[in-house]
Amino acid sequence: MTIEQPQQQITPEPAPATPGQAPESSRSATKAILVLFVIFAAVISAVVYSGILSRTASAASLARETREDSVLAVSVVHPKSGSADEEVVLPGNIQAFTDSPIYARTNGYLRKWYVDIGTRVKGGQLLAEIDAPELDHQLQQAKADLETAHANLRLAQSTADRWQFLLKTQSVSRQETDEKVGDLNAKKAMVDASASAVSRLEDLQSYEKVTAPFDGVITARNTDVGALIDAGANSPGKELFHLAATGQLRVFVNVPEAYDRAAQSGARASLQLTEFPSRNFTGTLVRNANAIDTTSRTLLVEVDVDNSNGELLPGAYVLVHLKLPGKTTHGLTIPVNTMLFRSEGLRVAVVRQGRAQLIPIVIGRDYGSDAEIVSGLTANDQVIANPADSLISGEEVRIVGSSGASGVTTGAAK
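Residues numbered from 1 in each chain as written. Predicted model: local features only at pLDDT ≥ 70, side-chain atom pairs only at ≥ 80, totals over all residues. Heavy atoms only, no water.

Draft legend 1. View of the sheet that holds strand E20 (residues 370-375). Across the sheet, which stays open at both edges, the four strands sit in the order E2-E15-E20-E19 with antiparallel pairing between neighbours. Since the sheet does not close on itself, it has two edges, and those belong to strand E2 (80-81) and strand E19 (362-366), each with one partner. Note: strand E15 (residues 332-335) against E20, four bridges, orientation antiparallel. In the sheet register, Ile334 faces E20, and the bridge partner there is Ala371. (Pairing = 2+ DSSP bridges. Helix = DSSP H or I, 4+ residues; strand = E, 2+ residues; numbered from the N terminus.)

Take a look at the structure:
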């Protein structure tokens with residue numbers, strides 16, 4: 001019986017390392033380090049490149065903005081055509097057709113007044129009574145003097161008749177007869193003088209009753225019962241009442257010399273009042289001064305307006321629309337804030353091919369915020385609004401806004 005011995009497993013020994021050759025694990029670690037270094041370098045390069053690119057873009061943007069800011073930014077408006085129905089609007093003052101202060105013509109004390117402000121009166125209506133006892137006594141004395149003059153006249157008449165009869169029989173001399181006739185004529189003159197004095201005092205007595213001279217409305221009462229009344233109007237404070245006829249009103253308008261063609265007699269005018277914003281009143285131009293005021297360079301015009309319903313009040317402010325005579329051509333209108341007043345004349349600045357050009361213009365009518373341009377512009381011109389005083393022809397500009405003729409921005413250019 002053979003007994004087999006167990007075989008031993010022999011593990012091969014590692015080959016001895018070649019001198020100068022690194023182990024496998026060392027090579028793997030080195031490769032990992034190199035990969036990490038390359039990745040880190042790539043990240044660093046990307047960050048640096050991104051920073052440089054960002055700075056370059058910022059510098060380019062800053063340069064572009066600097067160039068844009070160095071060019072003057074302007075907004076422009078476009079001229080608009082004038083209206084076919086042109087008119088001029090002017091301020092006016094409404095006045096009563098007849099306006100009169102009422103004064104006393106006799107001295108005394110106010111006994112009673114019958115009307116106050118706002119009262120509508122008729123011509124001849126009693127307004128007030130004045131108590132003047134001294135005047136009444138003077139009238140009584142004058143009447144007595146008149147009776148005496150009549151008595152003396154009757155005596156002189158009979159005496160003259162008698163002496164003329166006696167002269168026919170040569171009973172008296174002609175000289176004495178002429179004296180009696182002369183005395184008769186003197187007595188007649190005294191009667192006339194006394195009668196005139198009575199008539200004057202009666203007229204003054206009639207002024208004790210203050211009456212309205214015409215139909216109208218009382219606009220002021222400046223007296224009261226017991227007030228001392230002085231006749232006449234030589235000093236202030238003497239006015240008793242103020243009376244205005246308001247059935248028809250006058251509107252006085254100062255028309256500038258440039259628009260005097262609108263001040264033609266018989267022309268119709270439209271009136272607007274603040275208290276009636278949705279209504280227009282119609283008046284007729286009845287007369288003008290036919291002369292230009294050298295101080296204001298205006299023509300005074302009167303427009304009459306019917307006021308039978310009493311809606312309009314004297315003293316009110318009103319806007320009067322006067323139609324201008326028709327024109328065959330109509331100019332352009334631009335805002336007045338587009339104009340430049342230079343030593344060489346009136347100019348406006350327009351944008352042409354990206355540059356400002358100063359254009360001479362001739363203006364026509366002035367509409368306040370706008371002005372009519374007779375020559376120098378076309379409807380397609382881009383007129384610079386609010387131009388700088390330092391603006392010169394040929395200067396480069398850029399448009400940042402486009403406006404209508406009213407100056408309201410309607411868009412912007414990018």
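Back to the write-up after that little detour.
Draft legend 2. Here's a closer look at a nonpolar patch on the surface. On the surface, Val35, Ile39, Val43 and Val47 cluster together into a nonpolar patch covering about 350 Å² of accessible area. Along the chain, the position of Ile39 falls in helix H1 (residues 24-69). (Patch = residues over 30% accessible without salt bridge, like charges linked within 9 Å, V, L, I, M, F, W, Y side chains within 5 Å. Areas by Shrake-Rupley, 256 points an atom, 1.4 Å probe, with all protein chains shown as cover. Salt bridge = Lys/Arg side-chain N within 4 Å of Asp/Glu carboxyl O.)

Draft legend 3. View of the packing of aromatic side chains. If you walk through the whole model with that rule in mind, you get one aromatic pair. Here the aromatic rings of Phe276 and Phe281 are separated by 5.4 Å at their centres, their planes lie at 75°, and the arrangement is edge-to-face. Relative accessible area serves as the criterion here: at 8%, Phe281 is assigned to the buried category. Taking NZ or CZ as reference, Arg221 lies 4.0 Å from the ring centre of Trp113, over its face. (Phe/Tyr/Trp six-rings, centres within 6.5 Å; stacked < 30°, edge-to-face > 60°. Buried < 20%, exposed > 50% of the residue type's maximum accessible area, 1.4 Å probe, protein only. Lys NZ or Arg CZ within 6 Å of the ring centre and 35° of its normal.)

Draft legend 4. Main features of the layout of surface pockets. Approximately 230 Å³ is the volume attributed to the largest pocket. Taken together, 16 residues make up the lining of the largest pocket; nearest its centre are Asn107, Gly108, Ala132, Glu134 and Leu135. Where the lining of the largest pocket is concerned, the elements lending two or more residues are strand E4 (108-113), helix H2 (133-168) and strand E9 (228-229). The dominant element in the lining of the largest pocket, judged by the number of residues it contributes, is H2, at four residues. Residues belonging to the lining of the largest pocket are distributed by class as follows: eight nonpolar, four polar and four charged. (1 Å grid on protein atoms, 1.4 Å probe; cavity = no way out; pocket = protein on both sides within 12 Å on 5 of 7 lines; lining within 4 Å. Points joined across faces, edges and corners; volume = space filled by probe spheres on them. Nonpolar A, V, L, I, M, F, W, Y, C, P; charged D, E, K, R; others polar.)

Draft legend 5. Structural detail: H2. Given a rise of 1.5 Å per residue, 36 residues ought to cover 52 Å, and the 53 Å separating the end C-alpha atoms of H2 matches this to within 8%. Taken together, the buried positions of H2 are occupied by Leu135, Leu139, Ala142, Leu146, Ala149, Leu153, Ala156, Thr159, Ala160, Trp163 and Leu167. Next to the buried residues of H2 lie helix H3 (174-206). Gln170, located one to two residues past H2, shows a positive phi value of around 60°. (Expected span 1.5 Å × (residues − 1). Contact = heavy atoms within 4.5 Å.)

Draft legend 6. Seen up close, the environment of Leu377. Here Leu377 shows up in the loop between E20 and strand E21 (383-384). A C-alpha to C-alpha distance of 8.0 Å links Leu377 and Ile359, two positions 18 residues apart in sequence. Here Leu377 is in contact with Pro79, Leu332, Ile334, Val348, Val350, Ile361 and Val383, once residues within four sequence places are set aside.

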